[in-house]
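Chain residues, written in single-letter form:
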Amino acid sequence: MTAMLKRSRHLVLWSCALASAGLAAPGLTLAETAPATAVATVPATQQTPDALIRTLSTNVLEAVRKDKTIQAGDARKVESLVNTQIMPYVNFQRMTASAVGRYWRQATPDQQKRLQQEFKSLLLYTYSGAVSQIRDQTVDVKPLRANPQDEKVIVRTQIRGRGDPIQLDYRLEKTPEGWKIYDVNVLGAWLVQSYQTTFAQDISAVGIDGLITRLSDRNKQLATKKAGA
Amino acid sequence: MTSVACVKRSRLAWASLCLLGAMALPGCATDPNALAIDPYEATNRRIFSFNEGLDANVLKPAAKAYDAVVPDPVEEAVANFTNNIKDVWSLTNLILQGQGAGALEEFMRIGVNTTFGMAGFVDVATSMGLDRHNEDLGQTLAVWGAPDGAYLVLPVFGPSTTRDTVAFPADQYVVPASLFREPRDANAARAVQVLNARAQLLEASELLEDAALDKYAFVRDAYLQRRRNQIYNGEPPEVEPTDDLDASLRGAPLWTARIDVPLMKVQRTQISSNRVVDQSRFFVDQPEPVSVQLDDTWSAQVDVPTLP
């Protein structure tokens, strides 16, 4: 039982990961007092992927540390934090398409849009729970091992805090607007792959519209839960 | 002689079959693969429900009470002590796997933590840069070549695989409870270890509830990925789909073929691929010949090429 729950710890960080797109301060920056609105001096479109992760993490980590309401789990604050700091650097369409898999091509554009919205809401709700659990962790971004001409890279980071260091990896792809995250790995489990089976089973059982309904029901459930909490 | 004809009645052969072959995403754990790794799904689901019930009714309330009473530093100390004992088992397995550098690190961890860390209650080694290697007999067997087997959910203990279940008695043996001779003390030690671990995961388990649509499938997929990750020590060979998704996002088929069917009356049409979605579009996971059989009178075969 505890073994299974140990596996579930990764959920804490999926949210941390996606929400903060890499809580990366290179190693030991607990004592750093960066200004609250720290922004990278190099525009994001020109940064290397690991520098991007590091920048995003620094920004988000600072924001979370300074704002106690986020730590208490204020869903709205977390959502605005995620929307401003992280969403511009995440390719949600690709993430949803990968999770839905081969049925993506069968979905109408309207269905695709709704799938994307619902999936995004689901992950946002999961985040607000996980981000509220950030205390004083630091993130260690590993050196990037990729060729300069690679269009897709994996950035590996580690979260250090209480207990064992936790592996946190990101898949990024190069787009005209810069590098974008399209998958996250916590403790060895990739987010997209972990949703693929569930989505495929649901679609073959109740169709794409059925999956959209299930997702939106779950989101409503989570919304009332957060509002009541 | 073939000719293109319009389909007027369902008994007539189709005028043409346009086959859209597209590679399904490799690594996509859709139904065929899920069944392969989880042949005992029905039983597993039942045991999973049982475990969930046990957790909700017994373990979680106890862990919450434990968490409320025991201060965080003490919980951490108990966890560190447990990990130090487990490090001995990790060391054994690292040696068995032939990981010399890891074994040396682990050996130093045990030494440092037992002496400077007061018998393991303080984790000095991690702050010195010596990270834990989490090795067990299941991973050793995998490195030696044993395949996963089937996904199994063990009562009380949760997700596992056939191979890991074989290694299970050994992996469960090296714990602080083994230090105690009296069964009563050993049981108490085991209870503390379990409660402590559960208490530290209270927040994470709530997130899991929120995030998963189907908790059973979610835990299974995440567990199997994590296990693979552990076996390869954080760098598993990647099975990422590549350009087929880009093509699908652009909406273009990767490959098409056209088969002209003769005008004839047909009782039965058969397409020999078990992944037919509908009669004009289907998805192919790997190159294979696709054949169309119309009764016993006419057939054609097309080879789907290897797609990038």
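Below: a short report on this structure. Being a predicted model, the structure only gives us computed values, none of them experimental. Within any chain, residue numbers begin from 1 and follow the written order of that chain's sequence. Labels are handed out in written order, letters beginning with A for the chains and numbers beginning with 1 for the ligands. This being a predicted model, a pLDDT of at least 70 is required before a residue's local features are given, and a value of 80 or more before pairs of side-chain atoms are given or counted; all residues contribute to the totals for chains, interfaces and linings. As a convention, hydrogens and water are excluded, and side-chain values are obtained from all of the structure's heavy atoms.

## Digging into the overall build of chain A
What counts here: Each helix is a run of DSSP H or I of at least 4 residues and each strand a run of E of at least 2, with the numbering of both proceeding from the N terminus. Buried residues are those whose accessible area, probed at 1.4 Å on protein chains only, stays under 20% of the maximum for their type, while exposed residues exceed 50% and partly exposed ones sit between those limits. By definition in these notes, contact holds between two residues if any of their heavy atoms fall within 4.5 Å. Under the convention used here, a 1.4 Å probe and the Shrake-Rupley method define accessible areas, while residue burial counts only the protein chains that appear.
Scanning chain A for helices and strands turns up 8 helices and 5 strands. What you see in chain A, going N to C, is helices and strands ordered as α-α-α-α-α-α-α-β-β-β-β-β-α. Looking at chain A as a whole, 59% of its 229 residues qualify as buried. Sequence-distant contacts in chain A: of pairs separated by 6 or more residues, those separated by 24 or more amount to 63%. Just so you have it, chain A exposes about 9200 Å², and 52% of that area is on carbon and sulfur atoms.

## What to know about helix α5 (residues 75-86) of chain A
The α-helix advances 3.6 residues per turn, and as a result positions three or four apart in sequence lie on the same side. Residue and element names in this part refer to chain A. Where we set the bar: By this rule, a helix spans an expected 1.5 Å times one less than how many residues it contains. It is the directions from the helix axis to the C-beta atoms whose arc is reported.
Over its 12 residues, α5 runs 15 Å from end to end, which matches the ideal 16 Å to within 8%, given 1.5 Å per residue. Considered for burial, the residues of α5 that qualify are Val78, Leu81, Val82 and Ile86. Mapping the buried residues of α5 onto a view down its axis gives an arc of 95°, with all of them on the same face. Seen from the open side of α5, the exposed residues pointing more than 90 degrees away from its buried face are Arg76 and Thr84.

## Quick look at the sheet that holds strand β4 (residues 178-186) of chain A
Picture the strands of a sheet paired through backbone hydrogen bonds; they go either parallel or antiparallel. All names here are of chain A. What counts is decided by this rule: One bridge is not enough; two strands pair if DSSP finds at least two bridges between them.
In space, the 5 strands of this open sheet follow the order β1-β2-β3-β4-β5, with antiparallel pairing throughout. Sheet topology places β1 (138-141) and β5 (189-190) at the edges, where each strand pairs with a single neighbour. Summarising the sheet, β4 and β5 pair through 2 bridges and their orientation is antiparallel. Paired with Asn185 across the two strands is Trp190, which belongs to β5.

## As for the nonpolar core
Basically, it comes down to this: Within this scheme, the nonpolar core is defined by two criteria: the residues are buried Ala, Val, Leu, Ile, Met, Phe, Trp, Tyr or Cys, and they are joined through side-chain atoms within 4.5 Å.
Judged by nonpolar contacts, the single largest core of 67 residues is most densely connected at Met95, Leu115, Phe119, Leu123, Leu172, Tyr195 and Phe199 of chain A. Per-element tally for this core: the top contributor is helix α8 (residues 191-228) of chain A, with 11 residues. The next biggest cluster of nonpolar side chains, apart from the first, holds 7 residues, and it includes Leu59, Ala63, Tyr66 and Val70 of chain B.

## Some details on the packing of helix α2 (residues 41-69) of chain B against helix α10 (residues 215-231) of chain B
All names here are of chain B. We apply this condition: Think of each axis as a best-fit line through the C-alpha atoms, taken over the contacting stretch in the case of a helix, with angles from 0 to 180 degrees between the N-to-C directions. Here the angle decides the label: under 35 degrees means roughly parallel, over 145 means roughly antiparallel, 65 to 115 means roughly perpendicular, and every other value means oblique. Charged residues are taken to be Asp, Glu, Lys and Arg, nonpolar residues to be Ala, Val, Leu, Ile, Met, Phe, Trp, Tyr, Cys and Pro, and polar residues to be all remaining types, Gly included.
Their axes nearest at 10 Å, the elements α2 and α10 cross at an angle of 100°. When the axes of α2 and α10 are compared, the pair comes out roughly perpendicular. Contact with α2, carried on its side by Glu41, Asn44, Arg45, Phe48 and Glu52, involves Lys215, Tyr216, Ala217, Val219 and Arg220 of α10 and no other residues of that element. Of the residues that constitute the contact of α2 with α10, the class distribution is 4 nonpolar, 1 polar and 5 charged.

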